[in-house]
Amino acid sequence: MRLRIEHTTRYEFSQPVAHGLQRLRLTPKSTQGQKVLDWQMRFTGASLEVEYDDHHHNRTTLILIEPGARSVEIRCEGLVATADNHGVIGQISGHMPLWSFLGQSPLTRPGPKVRSILAEIDVPRGDTLATLHRLSALVLERVAYVTGETEVRTTGEEAAVLGKGVCQDHAHIFIGGARALGLPARYVSGYLMMDDRIEQEAGHAWAEVYVENLGWVGFDVSNGISPDERYIRVATGRDYTEAAPVTGMSWGPGESVLAVRLAVEQQHTEQ
């Protein structure tokens, strides 16, 4: 499948910005199951400082907000060819050893609520894939997909206690549970082409676990499936903070308003 993505992020500032930097992880990487055919990024109100691959092999772009800017727009567009590998990504890439994906972070660390979910897993010990699919199903059963109830600093345990969350929360709960079971797990940010629409509300997030003899395997808890050809992987990390699409800082007396437009659609070969 060939997927066309148009992703625009716009910040409006109530007062001119004195100084600002932003770190972008918005460039997909060619890996098993996907090939980047074309990708372009354009900036208004900011300029490119440097591009590099970080320790997770994420293509990372630093931009400088122009002094006095009242708005910044980041526009990404491109074409990615994808294939359905039943969620299997394969062997590790990047510079991080597997053991680094076993340690909990503040966002993934299980508390009593997440541990109670783990206690409900009722599949034979030693069947890793069945265990992970059951964990994914239990997380979705116990934490309903509801927008507007959590934010980027919400921990997996907090979302589990609340019983509501979005894909980021589902991923953090699942990752914390997998690590508690002794399995390396990581967070994935990217895009998902929804079957019933082109315009998307936001990017998507899911999890990957390293399974012996298979390598990294994806689990989209929010949709109850392993990623297929409708998914585009962009960045990975130990949690959201290491795979967030946009992070940064700015100095100035005012406040900012964020607007995002995202479109993901299949491009047929005759186009």
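Basis of the calculations
Residues numbered from 1 in each chain as written. Predicted model: local features only at pLDDT ≥ 70, side-chain atom pairs only at ≥ 80, totals over all residues. Heavy atoms only, no water. Helix = DSSP H or I, 4+ residues; strand = E, 2+ residues; numbered from the N terminus. Rg over C-alpha atoms; globule rule 2.2 N^0.38 Å. Buried < 20%, exposed > 50% of the residue type's maximum accessible area, 1.4 Å probe, protein only. Contact = heavy atoms within 4.5 Å. Areas by Shrake-Rupley, 256 points an atom, 1.4 Å probe, with all protein chains shown as cover. Pairing = 2+ DSSP bridges. Expected span 1.5 Å × (residues − 1). Arc of directions from axis to C-beta. Phe/Tyr/Trp six-rings, centres within 6.5 Å; stacked < 30°, edge-to-face > 60°. Salt bridge = Lys/Arg side-chain N within 4 Å of Asp/Glu carboxyl O. Axes fitted to C-alpha atoms, helices over the stretch in contact; angles between N-to-C directions. Parallel < 35°, antiparallel > 145°, perpendicular 65-115°, else oblique. Left-handed = near helix turned anticlockwise from the far one by under 90°. Nonpolar A, V, L, I, M, F, W, Y, C, P; charged D, E, K, R; others polar.

What follows deals with the overall build of the protein chain. Helices and strands together make up the secondary structure of the protein chain, namely five helices and 16 strands. For 271 residues, the compact-globule formula gives about 18 Å, and the C-alpha radius of gyration of the protein chain, at 19 Å, lands near that figure. Projected onto the principal axes, the alpha-carbon positions of the protein chain cover approximately 60 × 50 × 40 Å. Taking all 271 residues of the protein chain together, the buried fraction comes to 49%. Taking all contacts inside the protein chain whose residues are at least 6 apart in sequence as the whole, residues at least 24 apart take part in 74%. As displayed, the protein chain offers around 12700 Å² of accessible surface, 51% of which is attributable to carbon and sulfur atoms.

What follows deals with the pairing of strand β4 (residues 46-53). Residues in a regular strand point their side chains to alternate faces of the sheet. In this structure, β4 lies alongside strand β5 (residues 59-65), joined through seven bridges in antiparallel fashion. Bridge assignment links Ala46 to a residue of β5, and that residue is Ile65. Taking the residues that link successive antiparallel strands as the turn, the β4-β5 hairpin has five residues, and the phi of His57 there is positive, at about 70°.

Turning our attention to the sheet that holds strand β6 (residues 71-82). Spatially, the five strands line up as an open sheet ordered β3-β6-β1-β16-β11, and their pairing is antiparallel. Looking at the sheet topology across the chains shown, the edges are occupied by β3 (34-44) and β11 (199-200). In the sheet, β11 pairs with strand β16 (residues 256-266) via two bridges, with the strands oriented antiparallel. Paired with Glu199 across the bridge in β16 is Ala263.

Right, let's talk about the pairing of strand β13 (residues 215-219) for a bit. Of all five residues in β13, five are buried; the element is thus mostly enclosed. Note that strand β7 (residues 88-90) and β13 share two bridges and pair antiparallel. Bridge pairing in β13 places Val88 opposite Val217. Here five bridges tie strand β12 (residues 204-211) to β13, and the two strands are oriented antiparallel to one another. Bridge pairing links Tyr210 to Trp216 in β13. Two successive antiparallel strands, β12 and β13, enclose a turn made up of three residues, where Asn213 displays a positive phi of approximately 75°.

Turning our attention to helix α2 (residues 128-142). Here α2 is 15 residues long and its end C-alpha atoms lie 21 Å apart, about the 21 Å a rise of 1.5 Å per residue gives. Here α2 has its buried residues at Thr131, Leu132, Leu135, Ser136, Leu138 and Val139. Buried positions in α2, seen along its axis, are confined to an arc of 165° and lie on one side of it.

Attention now moves to the packing of aromatic side chains. For the coordinates displayed, the defined rule picks out seven aromatic pairs. Consider the rings of Tyr187 and Tyr240, whose centres lie 6.1 Å apart with planes at 80°: the pair is edge-to-face. With Tyr187 in strand β10 (residues 185-192) and Tyr240 in helix α5 (residues 240-243), the pair connects residues that are 53 residues apart, well separated along the chain. Classification of Tyr187 as buried rests on a relative accessible area of 3%.

For helix α4 (residues 167-180), spanning 14 residues, the distance from its first C-alpha to its last is 20 Å, which sits close to the expected 20 Å at 1.5 Å a residue. Across the 14 residues that make up α4, a large majority, 13, are buried.

What follows is about the pattern of salt bridges. Oppositely charged side chains are able to pair whenever their charged atoms sit close together. As enumerated under the stated definition, the model contains 18 salt bridges in all. A salt bridge links Arg261 to Glu199, with the shortest nitrogen-to-oxygen separation between them at 2.8 Å. With Arg261 in strand β16 and Glu199 in strand β11, this pair connects stretches of sequence that are 62 residues apart. If you follow the salt bridges from partner to partner, you end up with Glu6, Arg42, Arg75, Glu77, Glu199 and Arg261 in one network.

A separate point is the sheet that holds β13. Reading across the sheet, the five strands line up as β7-β13-β12-β10-β14 and stay open at both edges, with antiparallel pairing between neighbours. Of all strands in the sheet, those bounded by a partner on one side alone are β7 and β14 (231-237). On average, each strand axis in the sheet is tilted by 35° relative to the strand beside it, whichever way the strands run.

It is worth spelling out the packing of α2 against α4 at this point. The geometry of a pair of packed helices is captured by two quantities: the angle between their axes and the separation between those axes. Following both chains from N to C, one finds α2 and α4 inclined at 140°, their axes separated by 10 Å at the closest point. It follows that α2 is oblique to α4 by the angle criterion. In the crossing of α2 with α4, the sense of the turn from one axis to the other is right-handed. Counting all contacts with α2, which are made through Leu132, Leu135, Ser136, Val139 and Leu140, the residues of α4 involved are His170, Ile173, Phe174, Gly177 and Ala178. Residues that form the contact of α2 with α4 fall into these classes: seven nonpolar, three polar and no charged.

Read these as spatial facts, not as claims about activity.
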